[in-house]
Each structure stands twice: as C-alpha cells, then as structure tokens.
Amino acid sequence: MAGEEQQKHRKQGKIIAVCSAKGGIGKTLLSVNLSVALSKKNLDVTIVDGDFQFGDVCLAMDLQPTFTMKDVMDEVDGLNEYTIMNYVTRHSSSVQVLAAPERPELADLITSDGIVKGLETLVLSNDYVVVDTGSGIQGHSLEILEKADEILVITNLEMTALKNTKLILETFRQIGMGEKVQLIVNRYNMESLMKAEDIPSMLGAENPMYIPNNFKLASQSMNLGIPLVISQAKSDVSKAIFKMAEQIISKRIVKEDGKKRKKSFIHKILPTH
Ligand SMILES: Nc1ncnc2c1ncn2[C@@H]1O[C@H](COP(=O)(O)OP(=O)(O)O)[C@@H](O)[C@H]1O
Ligand SMILES: [Mg+2]
C-alpha cells in the first residue's frame with residue numbers, strides 16, 4: 001500500500017486501561033465484557049492481557065492463542081499495524097486478543113519499550129485497545145496506565161478493596177493522572193457494611209459507574225469461557241456493561257466535538273441516513 005493510502009486507513013484509537021488495587025475484583029470480567037460490548041457497536045477492539053504473569057483473558061474467552069506478548073517482544077523492531085496482526089487471536093465476537101505469555105516466568109521477557117510499541121501500534125488499527133492490567137500500579141502496569149487515555153479503576157465494597165482503592169485514586173491525582181480516571185463499583189449491591197451511595201464521598205470520586213452483583217452468572221461465564229454480554233445479554237450485569245460502553249463512546253464524542261472529528265470513528269456509531 002502506498003504511504004498515503006496507508007495513512008488514510010489508520011485510526012487513532014483510544015487506550016482504556018482497567019486496573020484495581022488487588023486481584024479478584026473483576027478486572028478481567030470487565031475488560032472482556034466491555035470489549036465485546038464495544039465491538040457490538042461495530043467498533044474495532046483489541047484486548048491486551050496486561051497481567052503478564054497470570055493473565056486469564058484467553059480463559060475467559062475460551063481462546064487458545066498461538067502467539068503471545070512474549071512473541072511480540074522478539075519482533076519489536078519490525079512491528080507495525082500489519083505485522084502485529086500475526087500475534088493476535090481473533091474471538092468470534094470479532095474482538096482481537098493479544099494474549100499474556102503462557103507461563104509466569106516468561107513475563108520477565110516483556111520490556112517497557114515493547115509494551116509501549118505494541119500499544120502505539122495497536123491504536124493505529126483499532127477504535128479501542130482495552131488493557132486488563134495486573135493488580136496494583138507498579139512496574140509495567142504503571143507504564144500502561146501512563147500511556148492510557150482512560151483508566152477504569154474497579155473496586156467492590158470490601159474494606160480492603162476500598163482502603164487500597166482510595167490510595168490508588170490519591171496516587172493518580174498526585175501524579176497528575178486524576179483527570180483520566182473513572183471509578184467503577186463492581187458488585188455494588190453485594191452484602192456489605194459499606195453502602196454504594198457512600199462510595200463517592202468516601203473515595204472522593206464523582207459519578208462512579210456501577211456493576212451489579214451476580215455471582216452465579218459471573219462464575220458460570222468465566223468457567224464456560226463465554227462473555228456474559230454474549231451468553232446473558234439481558235442480564236443485569238450485561239445491561240450495566242452495555243450502558244458503560246455507551247457512556248465511554250459518548251464521552252469520547254463530546255471530547256472530540258470541539259476538536260476535528262475523526263470520521264472513521266464517528267461514522268461507525270452515528271446512524272447514517
Ligand atoms: N459483578 C459480579 N458479580 C459477581 N461476581 C463477580 C462479578 N464480577 C466479577 N465476579 C467474580 O469475581 C471473581 C474475580 O473476577 P475477575 O474478573 O477474575 O477479577 P480480577 O481480574 O480482578 O482478578 C470471579 O470469580 C468473577 O466471577
Ligand atoms: Mg484477572
């Protein structure tokens with residue numbers, strides 16, 4: 001393809017990083033289902049499994065990847081929006097997955113430069129690149145969060161999660177990343193001493209988004225490897241995630257409204273008559 005033609009087909013996708021203070025909160029469930037929900041809006045979406053040691057995006061989507069992020073590291077110099085397609089695995093929903101290495105010790109081979117190049121390359125051919133990060137905000141997760149356009153911080157109502165989420169949110173504000181943070185309260189109606197309505201003031205976060213508690217469906221979907229928004233599209237959890245996808249898209253339209261609109265993106269989601 002000629003250089004000019006190539007440029008024309010390029011997108012400038014957004015990176016959404018999903019993070020939490022500790023494991024077991026719902027990062028993978030959210031990353032996978034949000035990605036599929038966005039792809040159902042006819043958008044191009046790739047999930048990067050950024051939990052390089054114990055990533056389980058492929059498990060949650062019942063995929064057997066041939067290549068992983070480790071293989072991308074071997075090719076960093078020759079990486080472009082075409083070559084990176086050799087390393088992703090396509091899900092039936094059309095979401096692409098850049099899998100985590102198959103063994104935890106291989107995570108050591110992942111480099112910061114490689115991650116940054118991988119993300120910069122993926123945004124050229126996607127509307128959204130969703131990264132399911134490892135727990136906490138250290139190491140490679142911090143690099144991914146710095147690179148992200150939007151950070152979804154997910155918590156539930158357990159005291160340990162809330163205490164550490166508060167610390168994470170404070171840290172983001174201190175390092176000047178508060179603007180791109182969106183708080184997600186998962187399992188907001190779970191039994192707990194804390195009430196969901198106390199969360200905004202407790203964590204100093206306005207307008208959190210909420211995902212209801214549905215342990216049976218959530219664990220069933222994880223065990224079967226079928227995202228809830230596919231197998232249980234009408235469930236309360238799926239409805240919350242579809243709504244979130246819409247909010248994410250409309251926030252972007254509002255942001256881009258004042259600027260020059262990106263036709264490739266806007267055309268896909270606005271009805272054409
Ligand atoms: N909204 C929810 N309702 C009930 N259970 C949930 C919900 N979200 C996640 N879970 C359950 O919590 C556990 C951890 O979810 P997971 O997405 O693997 O977390 P993480 O990636 O943060 O470690 C899983 O067993 C999952 O089924
Ligand atoms: Mg996970």
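About the thresholds
Residues numbered from 1 in each chain as written. Chains lettered and ligands numbered in written order. Predicted model: local features only at pLDDT ≥ 70, side-chain atom pairs only at ≥ 80, totals over all residues. Helix = DSSP H or I, 4+ residues; strand = E, 2+ residues; numbered from the N terminus. Rg over C-alpha atoms; globule rule 2.2 N^0.38 Å. Contact = placed C-beta atoms within 7 Å. Near = placed C-beta within 6 Å. Axes fitted to C-alpha atoms, helices over the stretch in contact; angles between N-to-C directions. Parallel < 35°, antiparallel > 145°, perpendicular 65-115°, else oblique. Left-handed = near helix turned anticlockwise from the far one by under 90°. Nonpolar A, V, L, I, M, F, W, Y, C, P; charged D, E, K, R; others polar. Buried ≥ 20, exposed ≤ 12 C-beta atoms within 10 Å, placed from the backbone. Pairing = 2+ DSSP bridges. Expected span 1.5 Å × (residues − 1).

**Student:** Before we go on, may I ask you to explain the overall build of the protein chain in this structure?
**Tutor:** A tally of regular secondary structure across the protein chain gives 12 helices and 8 strands. For the protein chain, whose C-alpha radius of gyration is 18 Å, the value lies close to the compact-globule estimate of 19 Å for 273 residues. The C-alpha extent of the protein chain, read off along each of the three principal axes, is 60 × 50 × 40 Å. In the protein chain, the proportion of contacts linking residues at least 24 apart, taken out of those at least 6 apart, comes to 76%.

**Student:** Would you explain the site of ligand 1 in this entry?
**Tutor:** Taken together, the neighbourhood of ligand 1 is formed by 18 residues, with Gly-26, Lys-27, Thr-28, Leu-29 and Ala-218 sitting nearest. Residue assignment for the shell around ligand 1 shows that the elements contributing at least two residues are helix H2 (27-39) and helix H9 (215-224). At 4 residues, the largest contribution of residues to the shell around ligand 1 is made by H9.

**Student:** Sorry, what's going on with the packing of H2 against helix H11 (residues 236-257) here?
**Tutor:** Geometry of a packed helix pair, given as the angle between the helix axes and the separation of the axes. Here H2 crosses H11 at 60°, and the two axes come no closer than 9 Å. In terms of orientation, H2 lies oblique with respect to H11. You can see that H2 and H11 cross each other, and the crossing is right-handed. Between H2 and H11, the residues in contact are Asn-33, Leu-34, Ala-37 and Leu-38 and Ile-241, Phe-242, Met-244 and Ala-245, respectively. Broken down by class, the residue content of the contact of H2 with H11 amounts to 7 nonpolar, 1 polar and no charged.

**Student:** What am I meant to see in the pairing of strand E2 (residues 45-50) here?
**Tutor:** Regular strands place their side chains on alternate faces of the sheet. Within E2, 6 of the 6 residues are buried, which leaves it mostly tucked inside the rest of the structure. By the alternation rule, side chains of E2 split into Val-45, Ile-47 and Asp-49 and Thr-46, Val-48 and Gly-50, which are all buried. As paired elements, E2 and strand E5 (residues 128-133) share 6 bridges and run parallel to each other. Within E5, the residue paired with Thr-46 across the bridge is Val-129.

**Student:** Help me out: how do you make sense of the packing of helix H5 (residues 112-122) against helix H6 (residues 139-147) in this one?
**Tutor:** It is the contact of H5 with H6, at a shortest axis distance of 10 Å, that shows an interaxial angle of 30°. Taken together, the axis directions place H5 and H6 in an arrangement best described as roughly parallel. The handedness of the crossing between H5 and H6 is right-handed. Note on element contacts: H6 touches H5 through His-140, Glu-143, Ile-144 and Lys-147, opposite Ser-112, Ile-115, Val-116 and Leu-119. Partitioning the contact of H5 with H6 into residue classes produces 4 nonpolar, 2 polar and 2 charged.

**Student:** What's the story with H11 in this structure? I'm lost.
**Tutor:** Residues spaced three or four apart along an α-helix point in a common direction, a consequence of the helix completing one turn every 3.6 residues. Taking 1.5 Å of rise per residue, the 22 residues of H11 would be expected to cover 32 Å, and the 31 Å separating its terminal C-alpha atoms lies within 8% of that figure. Among all positions in H11, only Val-237, Ser-238, Ala-240, Ile-241, Phe-242, Met-244, Ala-245, Ile-248 and Ile-249 are buried.

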